[in-house]
Each structure stands twice: as C-alpha cells, then as structure tokens.
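Descriptive analysis of the structure
Here are the chains, one letter per residue:
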Amino acid sequence: MDLSFYENRKVLITGHTGFKGSWMCKLLMMAGAQVTGYALEAPTAPSLFELCGLKDGMHSVIGDIRDITHLKQVFDETQPEVVIHMAAQPLVRDSYKNPVYTYDVNVMGTVNVLECVRTTPSVKSVINVTTDKVYFNREWEWGYREGEELNGYDPYSNSKSCSELVTSSYKNSFFRDRDVAVTTARAGNVIGGGDFATDRIIPDCIRAVEVGKSIIVRNPYSTRPYQHVLEPVAAYLMIAQAQYENRNLAGGYNVGPDDTDCWTTGRLVTLFCEEWKKQTGQEAVWENQYDGGPHEANFLKLDCSKIKSTFGWKPRWNVPHTMEKIVEWSKCFLTGGDVDACMERQIREFYREKETD
C-alpha cells in the first residue's frame, strides 16, 4: 500500500470518534489526507479520540448517522472521494438490551450513508465495515468464506448481516453503471491501545490492573480471531485505494488473522497478565466468573484467502506482539505519558515492518 495516495485526498469517515475510527483518523492525518469525520460524541470517557487531540487535525462533525439530512449536508459541503463507514452500535450484549436502536443505527445508518453516496458524484470508493459475526455460525472448525450464508444470530450480528444486504442492493440497483466502487469488509475481533469500551476483554484488563483488582472473565472458553487494530485499518485503506484505481476489485473481503491467532479469551487474558508483569513488574491475575450470559458464538474464525490472493495481503503482528503493543500504550497512558506520540510510533513501526517484510 502506498500511503501517498491519500495525500490531499478527501476522505469521510463515519464513526471517527470510536476506537477503530481514532486509529483510522490518526493514520490518514499522518498520510496527509483531508479527513472529515461524522459521528456522535466519543462513546467512552476517557476516549482515544480526545486523549490524542485528533479533532485539531481534521474536520470533526458531531452528528447522528440516523439523521440523513445532516449527513447529506456534510457530504455536500466536503465532497469526499473516499468514504469509510464505521459508525455502529458495536456490542453484542448491548444489542440484546436495545435491539431497536441497534437495528436503527446499523441498518438505517448504512442506508443513509449509501443514499448520500448515491447523490454525491465526487465519491469514487466506499468501504462498509461490518464484522466476522455476519455469517450464520455453525461452530465449525474451518474459517468462513465470503460466499457463506449471512445470518447473524443476535441483534448486533444480524443487523450487520442486514447492512451487508443493504450494501449489495445499493450496488446492484444504483452503482453498477457508475464510477463508484463499494466493498464490505468483515473483520475479526480488534484489540489495541486506547480501547476504553465496556464489555470488551482488553479494556476490562486495563481497568482492573489500574485499580489493583483481579480481572473478571465472564466466558474464558470462547475462541475468537484477535488482531491489532492497525491490521484491519490498514487493510480498509488498501482496498479503498485499490478499488478507486480499479473498480473491478470491489466486493466483499474477510480481514482476519492467521489461524494461530484464534485464541480463547482465557488464554488471551493470561498472555496479558504475563506481558503486564514483564513490562511493569506488577502482578496481574484473572478470575473465571462464567455467567452464561446471552447467546454468543463460542467459536468463529475467517478464511482470508480472498484478500491474500487478490492483494498479496497478510497480517503482520501476531497476538503476542499485539499484546506487547497494547501494554506499551496502556502503561504510557496510566503513567501520564504522551499517548499520541506512542500511537504515532506504533503506526510507523507497523508500516516499517510492512515495507521491510
């Protein structure tokens, strides 16, 4: 991927105040892009977006993805060339508590973005970020391919399956004969420094060690494909650039780690505890408090053969190296260090390793 493509390129990101959106904004600003973000206020306190002062280097618009009038106004004012749609209600457990809101944001939000794309001639490349959970999960041992049935179980997963179908309909109905390329990207579980969300295992680890308590693990037996946040963010930008230059490359792509990075939650937390002690000298322990909870998949992984064969892409940071970077960032944050500089160093390290691989 040649990041110079994004220099002075107009990019609009929905969901820019979130964890993944913040890493996306930082990377694009480092590349010299003209970045516009559209999202609600940062969803956590503290938030990575605010800690790093990202709004000072971009055009940050606070708005609700369900408000198509406001969203269209932003499209008209900024005339983006590339659109990355990441705004979502992203949590499985929250989707059980508030399914109507989840469907409204994740389905109608996608409709609104694509409708704005349809009526904005400047847009040439669109990435709709969904999730690995869009697939009908049969709990089998091999990875899901892009042609598998889309039918997520819980309201969050199912709403993202619906978002995929909405995207397919818009592509067939409105974009087939237009010079605009649209891709859906399905990523596995993303971890990294600066995630403060509730109901996510790494933020739970950081919050526990911050106050010297045991880490509570509600389901240590579920197996997930874990990857550093830079892996999918870089992949989205790679695809967006490639399909901008050749719209035949648009489609649907899984973006996930290799099979060796499908870890149980319990094993992942044990690794965190080991890395935390290694870098800080402080003990960290966890407790198994399995609570049953609402239905969630126990085993899920992706087959990423398509993105590998199409672009020559492959993941760079495995889970142990990712955990090293998470603890490095978190230690910087908890000791009052310059987290923005730490974030930038990690991005430069990630791309140096890609260039020399």
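The structure this text deals with has already been given above.
Below is a short write-up of the structure.

Reading guide: rules and limits
Residues numbered from 1 in each chain as written. Predicted model: local features only at pLDDT ≥ 70, side-chain atom pairs only at ≥ 80, totals over all residues. Heavy atoms only, no water. Helix = DSSP H or I, 4+ residues; strand = E, 2+ residues; numbered from the N terminus. Rg over C-alpha atoms; globule rule 2.2 N^0.38 Å. Buried < 20%, exposed > 50% of the residue type's maximum accessible area, 1.4 Å probe, protein only. Contact = heavy atoms within 4.5 Å. Areas by Shrake-Rupley, 256 points an atom, 1.4 Å probe, with all protein chains shown as cover. Lys, Arg positive; Asp, Glu negative; His and termini not counted. Charge placed at Lys NZ, Arg CZ, Asp CG, Glu CD. Pairing = 2+ DSSP bridges. Axes fitted to C-alpha atoms, helices over the stretch in contact; angles between N-to-C directions. Polar contact = N/O pair within 3.5 Å; in protein donor to acceptor, adjacent residues only side chain to side chain. Parallel < 35°, antiparallel > 145°, perpendicular 65-115°, else oblique. Left-handed = near helix turned anticlockwise from the far one by under 90°. Nonpolar A, V, L, I, M, F, W, Y, C, P; charged D, E, K, R; others polar. Expected span 1.5 Å × (residues − 1).

Scanning the protein for helices and strands turns up 12 helices and 12 strands. The C-alpha atoms of the protein give 19 Å as radius of gyration, which agrees with the globular expectation for 357 residues (21 Å, within 12%). Dimensions of the protein along its principal axes, counting C-alpha atoms only, are 60 × 45 × 40 Å. Expressed as a percentage of the 357 residues in the protein, the buried residues total 57%. Across the protein, contacts joining residues at least 24 apart in sequence account for 80% of those joining residues at least 6 apart. If you sum the accessible surface of the protein, you get close to 14700 Å²; carbon and sulfur atoms cover 48% of it. In the protein, the 39 positive side-chain charges and the 48 negative ones have mean positions that sit 2 Å from each other.

Take the sheet that holds strand β2 (residues 34–39) next. What the seven strands build is an open sheet, ordered β3-β2-β1-β4-β5-β6-β10; its pairing is parallel. Two strands in the sheet have a free side with no partner beyond their single neighbour: β3 (59–62) and β10 (252–255). Strand-to-strand twist of the sheet, defined as the mean angle between neighbouring strand axes without regard to direction, takes the value 15 degrees. As defined by bridge partners, strand β6 (residues 181–187) adjoins β10 across four bridges and the pair is classed as parallel. Within β10, the position partnered with arginine 186 by the bridge is asparagine 254. Across the sheet, helix α6 (residues 155–175) lies against β5 (125–129) and β6, angled at about 165 degrees from β6, the strand it touches most.

Structurally, threonine 17 is set in the loop between β1 (10–14) and α1 (19–30). Reaching out from threonine 17, the side chain makes a polar contact with the backbone oxygen of leucine 40 at a distance of 2.9 Å. When near neighbours in sequence (up to four residues on either side) are disregarded, threonine 17 contacts Ser22, Ala39, Leu40, Glu41, Ala42, Pro43, Phe49 and Ile62.

Within the element layout of this structure, asparagine 189 appears in strand β7 (residues 189–191). At 3.4 Å, the side chain of asparagine 189 and the side chain of lysine 133 are in polar contact. Setting aside residues up to four positions removed in sequence, asparagine 189 forms contacts with Asp132, Lys133, Arg224, Pro225, Tyr226 and Gln227.

As a further point, take the environment of leucine 249. Inspection of the secondary structure puts leucine 249 in the loop between α8 (230–245) and β10. Among the residues examined, leucine 249 registers a relative accessible area of 23% and is labelled partly exposed.

Packing of helix α9 (residues 265–280) against helix α11 (residues 319–334) brings their axes to within 9 Å, and their N-to-C directions diverge by 55 degrees. By the angle between their directions, the pair α9 and α11 is classed as oblique. Two packed elements cross with a definite hand, and for α9 against α11 that hand is right-handed. Of the residues in α11, those in contact with Leu268, Leu271, Phe272, Glu275, Trp276, Gln279 and Thr280 of α9 are Val319, Pro320, Met323, Glu324, Val327, Glu328, Ser330, Lys331 and Leu334. The residue inventory of the contact of α9 with α11, partitioned by class, reads nine nonpolar, three polar and four charged.

This next bit is on α1. It helps to recall that an α-helix has 3.6 residues per turn; residues three or four apart then point in one direction. Taking 1.5 Å of rise per residue, the 12 residues of α1 would be expected to cover 16 Å, and the 17 Å separating its terminal C-alpha atoms lies within 8% of that figure. Most of α1 is tucked away, with 10 of its 12 residues classed as buried. Every buried residue of α1 is accounted for by Phe19, Lys20, Gly21, Ser22, Trp23, Met24, Cys25, Lys26, Leu27 and Leu28. The first or second residue beyond α1 is glycine 32, which carries a positive phi of 90 degrees.

Right, let's talk about unusual backbone geometry for a bit. Following alanine 45, the chain continues to proline 46 via a peptide bond in cis, the omega torsion being 5 degrees. For proline 46, the location among the structural elements is in the loop between β2 and α2 (48–51). Phi is positive for asparagine 8, which is not a glycine, with a value near 65 degrees. Looking at where asparagine 8 falls in the secondary structure, it is placed in the segment before β1. Taking the relative accessible area as the measure of exposure, asparagine 8 reaches 52% and is therefore exposed.

Everything listed here is a matter of geometry and, on its own, says nothing about what the molecule does.
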